[in-house]
Amino acid sequence: MTGTLTDEREDGEVVAALIAAADEADTDPSTAAKAVAAAAREVSDMMRNWATHIPWEDLEELDTLPEDEVVRFFAEDYPAIRADLEPMWEPATAAAPAIDPDEDYALDKNAYDFFRPVGANLLSRTEEFHGWVEARRRTETWQYSRVLEAAPGGIATITNDLSKPARGINFNSQDYLSFNAHPEIREAAVRAMRDFGPHSAGSPMVLGNTRISDDLEAALGALVGLEHVTLFSNGWSAGFGTVTGLVRQEDHILIDRLAHSCLQTGARAATRNITRYTHLDVEAVRTHLARIRATDTHNGIMVITDGLFSVDADWPDVAALQEVCHAYDATLLVDVAHDLGSMGPGGTGVLGMQDMLGKVDLVMGAFSKTFASNGGFVAARSPAVKQYIKMFAGSHFFSNALSPMQTAVVLKAAEIIRTDEGEALRGRLFSAIHALRDELTTRGLTCMGSPSPIVPVLIGNEKLARTVNRLLFDRGVLAFMVEFPVTPTGASRFRLQVQAAHEPEQAREAARIIDGALRDAREHLSSAFGNSF
Amino acid sequence: MYNAIVVGGRCAGAAVGTHLARQGLRVLVVDRSRFPSDVLSTHFVWPHGASYLNRLGVLEQVRAVTPAHTDVTVVNNGIELRGSVPEQLLRNQFRLLHDDDSGITTDYFSVRRHVLDKILVDNAVRAGVEFREGYAVKELLRDEDGTVIGIKGRDGTVEHAQVVIGADGRNSFVARALGVEKFDERPRCTYAYWSYFSGIPDADAQIHRRGRLGMAMASTNHGQTMVLTWGPSEWAADFRADVEGNFHRALGLISEDAAGTVARARREERFYGTLDQAAYLRQLHGPGWVLVGDAESFKDQCTALGITHALRDAELAAEAIGRWLGGETDRDTALAGYAAKRRSQTAAAYYDYVCTLAEMKPLRHDELQLFAILRGNQAEIDRFIATHVDVAPVSEFFDPSNVFLLNDTAKESSRDHSAFADFEATYREHQRNPFQRVAAEATR
Ligand SMILES: Cc1cc2nc3c(=O)[nH]c(=O)nc-3n(C[C@H](O)[C@H](O)[C@H](O)COP(=O)(O)OP(=O)(O)OC[C@H]3O[C@@H](n4cnc5c(N)ncnc54)[C@H](O)[C@@H]3O)c2cc1C
Ligand SMILES: Cc1ncc(COP(=O)(O)O)c(C=O)c1O
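(A) Structural view of the overall build of chain B. Looking only at helices and strands, chain B features 18 helices and 22 strands. Taking 22 Å as the expected radius of gyration for a compact globule of 444 residues, we find that chain B reaches 22 Å, a close match to that expectation. With the principal axes as the frame, chain B shows a C-alpha extent of 65 × 55 × 40 Å. Counting every position in chain B, which comprises 444 residues, the buried fraction comes to 64%. Counting only contacts in chain B whose residues sit at least 6 apart along the sequence, the fraction spanning at least 24 positions is 75%. Summing over all exposed atoms, chain B offers an accessible surface of approximately 15,500 Å²; the carbon and sulfur share of this is 46%. One finds the centroid of the 51 positive side-chain charges in chain B at a distance of 4 Å from the centroid of its 60 negative side-chain charges.

(B) Representation of the pattern of salt bridges. Under the criterion given, the structure shown has 78 salt bridges over all chains. In this structure, Asp352 of chain B and Lys463 of chain A form a salt bridge, with 3.5 Å as the shortest nitrogen-oxygen distance. Linking Asp352 of chain B in helix H12 (residues 345-358) with Lys463 of chain A in helix H20 (residues 462-473), this pair reaches from one chain into another. Under the relative-accessibility criterion, Asp352 of chain B is labelled buried at 10%. The exposure class assigned to Lys463 of chain A is buried, which follows from its relative accessible area of 17%.

(C) Local environment of helix H10 (residues 211-224) of chain A. Residue and element names in this part refer to chain A. Between its first and last C-alpha atoms H10 spans 21 Å; for 14 residues at 1.5 Å apiece the expected length is 20 Å, and the two agree. Every buried residue of H10 is listed here: Ile212, Ser213, Leu216, Glu217, Ala219, Leu220, Gly221, Leu223 and Val224. You can read the cap of H10 off the contacts: a side-chain oxygen lies 3.1 Å from the backbone nitrogen of Ile212, and it is on Thr210. One or two positions beyond H10, positive phi appears at Gly225, with a value near 80°.

(D) Summary view of the interface of chain A and chain B. Across the contact, 72 residues belong to chain A and 76 residues belong to chain B. Buried area between chain A and chain B, summed over both chains or domains, comes out near 6,500 Å², and the portion from carbon and sulfur atoms is 53%. Looking only at chain A, the three residues that lose the most surface to chain B are Met46, Trp50 and Phe529 of chain A, adding up to 15% of its buried area. At the surface where chain A touches chain B, the tally comes to 13 salt bridges. The tally of links between chain A and chain B comes to 39 residue pairs in polar contact (both at pLDDT 80 or more).

How each quantity is defined
- Residues numbered from 1 in each chain as written.
- Chains lettered and ligands numbered in written order.
- Predicted model: local features only at pLDDT ≥ 70, side-chain atom pairs only at ≥ 80, totals over all residues.
- Heavy atoms only, no water.
- Helix = DSSP H or I, 4+ residues; strand = E, 2+ residues; numbered from the N terminus.
- Rg over C-alpha atoms; globule rule 2.2 N^0.38 Å.
- Buried < 20%, exposed > 50% of the residue type's maximum accessible area, 1.4 Å probe, protein only.
- Contact = heavy atoms within 4.5 Å.
- Areas by Shrake-Rupley, 256 points an atom, 1.4 Å probe, with all protein chains shown as cover.
- Lys, Arg positive; Asp, Glu negative; His and termini not counted.
- Charge placed at Lys NZ, Arg CZ, Asp CG, Glu CD.
- Salt bridge = Lys/Arg side-chain N within 4 Å of Asp/Glu carboxyl O.
- Expected span 1.5 Å × (residues − 1).
- Polar contact = N/O pair within 3.5 Å; in protein donor to acceptor, adjacent residues only side chain to side chain.
- Buried area = accessible area lost by both parts, 1.4 Å probe.

And the structure:
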């Protein structure tokens with residue numbers, strides 16, 4: 001090497017000189033050879049040991065070769081070397097295939113990227129997000145806001161938000177026991193309509209409830225083993241209302257990091273003292289409780305979890321959680337929205353499966369998954385808790401009550417759930433669930449969690465999931481792709497919701513179609529990644 | 001006849017050779033270069049990389065000549081976060097990948113490759129590896145089924161082995177000779193220019209970003225400091241027109257403080273640079289061959305993980321190859337295990353994370369807000385740093401329940417940071433190529 005280290009030219013400059021010299025080889029080969037060799041010797045060690053596909057040794061020795069060898073070298077060997085040298089100083093984007101900007105934008109961002117928009121005007125600052133939504137819509141990767149053209153049975157006819165129609169095996173609706181089509185359920189709705197009309201006309205604290213509401217509270221109390229039940233007009237507000245009704249700013253919340261949005265949002269509205277614990281980790285809860293109780297014995301602690309987790313299809317050890325809660329004077333709230341009615345002995349869900357009926361501090365649920373209606377509830381052991389929640393859960397006090405029809409439908413559903421017919425429906429449901437999971441697993445896909453009406457198929461990467469979503473829409477399977485803000489980034493998946501009306505063969509067919517779409521999407525994106533964490 | 005021949009003897013090659021030799025296998029490692037020598041890299045080694053070096057038994061040797069730190073400062077458009085990679089997250093990561101969390105350290109350092117690679121090679125030899133330097137492989141030998149069975153050198157010598165491991169870097173000869181396809185290429189990447197300066201006191205590493213530009217400063221060997229600046233590769237041609245001038249100009253645009261420090265220091269070597277950093281993945285193994293390190297996948301330098309990941313992959317590949325050659329399981333099952341760990345969805349999420357970062361788009365309002373709301377929440381700053389360098393999964397930090405909670409419990413607001421003062425105008429300004437203007441003015 002020549003010169004002091006600081007004086008040496010940067011490699012890009014040296015290689016540019018090398019190429020320029022070589023380009024003159026036609027006119028004066030030996031001068032070119034000298035210049036090329038000198039330049040090659042000036043290239044840094046760093047570059048030489050990196051660009052190992054360039055025969056630096058050959059270039060360095062060029063000025064020692066006889067002239068005819070040099071001429072041969074420039075004519076025969078050099079063109080390939082030049083073809084390897086040049087792109088090292090050109091941006092790779094120049095050679096890459098053009099990128100469709102819509103597709104690029106649609107596959108890239110996620111909803112959180114738009115959560116803190118810039119600007120003083122609350123309305124105009126929504127435009128940037130809308131630009132992204134439009135790019136997603138144009139590229140048919142927007143999975144939201146599809147509409148039904150008819151009742152959502154095992155098969156459904158829908159249109160997406162570009163008015164594009166599709167018909168297929170329907171895993172996009174939550175109606176686990178297929179009660180939406182059940183004659184007695186429909187009859188209950190019609191009767192309530194005739195007796196009370198369509199409207200509840202008031203808050204449940206005023207005059208919004210009917211006699212049917214009292215019967216429903218009793219039926220639900222019997223189902224979960226906690227007799228003091230409060231109704232809400234939807235499940236989300238039951239969760240939000242229960243947490244904000246009971247927890248105050250100085251209290252503490254421990255919440256499973258994957259618990260449902262209504263609980264997370266309620267927690268954040270109630271207090272800043274929130275600890276998200278590792279999913280299902282009872283020991284983590286114990287550690288956090290010990291830490292909190294070591295310095296605070298006079299404020300409350302609520303521990304919050306789902307029963308069946310709605311996009312993970314797993315559930316906690318409720319008995320163990322309740323036990324640590326008792327040990328540290330904390331209160332356990334379990335959201336059984338997805339499992340109550342659809343699984344467990346007599347439809348008692350995760351609590352029944354763990355022999356925990358009547359033994360949990362607070363149980364809440366939603367009717368929207370199995371009970372064929374809007375609505376939600378919370379059940380407690382004491383009338384005091386019930387009256388307190390009714391007064392201080394704003395979503396109960398200050399919101400119109402469930403309609404009489406909704407109440408009647410849920411009551412009828414709660415009755416059927418406990419009968420032999422309910423048991424038979426759950427049997428059909430689980431036949432389809434097992435068929436679906438088995439076929440998916442056999443094909444190498446990852447079904448998360450355990451057999452339950454929710455079958456999450458892990459995709460992971462959003463680009464891949466959005467591409468599968470686009471392909472699947474046209475192939476006869478209606479499945480909802482979930483990504484942020486439903487799941488964490490990089491953990492997207494298809495949430496398949498099974499119904500008693502699904503035939504096992506339909507489920508297997510759907511699995512085959514999903515597998516095909518995933519393969520094609522992977523090919524489209526040239527992705528080499530698999531489907532497990 | 002060897003059990004394994006490794007082509008390339010730096011981070012990936014020396015490490016995989018060492019691990020295999022320690023399992024009692026007969027291993028030959030060859031490298032075209034001679035040691036000690038450098039290779040294009042800014043050679044920052046994060047705590048998991050340092051932990052891998054510890055597991056190889058060379059951490060103390062590296063530390064003896066290399067300044068190390070645990071806290072790092074990350075500054076985005078002037079919003080400063082300072083933290084470190086938490087030990088617990090490191091442990092989780094090592095247990096998940098290797099079922100073994102021994103040798104964890106939370107230290108990081110920037111070690112010159114002529115220092116590190118020499119230590120690695122000597123360590124391999126001590127472990128029983130046969131090592132040949134200045135040995136360039138010119139041909140792969142295959143049997144009639146196409147299975148790779150050995151190598152032929154530039155000097156004409158021939159060697160045979162049960163497996164040939166390509167640890168020969170981004171421009172891998174082994175991958176080219178086998179025609180191994182690239183997957184999922186990401187052409188948008190950064191240019192990077194750097195050099196070595198004396199006269200800057202040893203300090204924690206600083207990583208800055210402003211708009212589409214970045215810079216980093218890290219103490220390294222010989223009492224020097226590595227100073228690096230990078231930006232989108234589309235701007236490289238303009239930058240290159242005046243490397244020294246634009247180097248200092250870029251530092252000035254990114255951080256006046258840092259630029260001042262560097263202006264007062266003395267440059268000890270030439271400038272080095274590249275824009276050849278498009279990301280890719282390659283198939284990991286086939287009959288008689290396995291790839292590790294850059295040969296098998298490359299990501300932009302912007303999160304400084306190539307060495308760490310090469311060491312990780314060396315360990316993963318050696319575990320798998322050991323199970324196969326040790327007779328515990330067949331080749332395909334063993335190597336499928338290596339592939340499964342390298343092709344997890346957690347790895348996919350990180351690949352996307354780096355490749356998106358490498359596009360060097362100006363920082364968006366939402367991104368800056370995240371940095372602002374993290375301030376004062378040390379546990380989450382640390383988890384963010386761990387996520388940024390692939391110690392914790394992207395899905396655990398960017399979990400809706402976490403980011404919304406961070407929002408709702410923020411201790412600082414946008415009023416505390418000038419980056420938000422005239423955000424939209426600055427954002428537009430950041431999209432303009434500052435080196436192009438300089439070039440235009442110079443020709444006028
Ligand atoms: C600008 C830049 C900055 C970077 N900064 C960092 C950073 O700060 N931190 C970090 O961790 N990573 C960084 N990296 C990445 C890091 O340098 C690489 O990932 C790392 O060197 C990969 O190690 P490796 O062993 O796979 O390959 P290499 O280090 O490239 O080693 C390959 C070896 O194979 C040998 N070889 C090649 N062909 C043959 C042949 N035919 N016969 C025999 N031997 C052969 C070569 O001589 C070479 O010694 C950076 C990369 C770049 C480009
Ligand atoms: C676990 C859980 N809780 C509560 C709800 C909210 O129920 P609803 O749809 O009735 O508002 C849902 C449904 O999204 C849920 O999955």
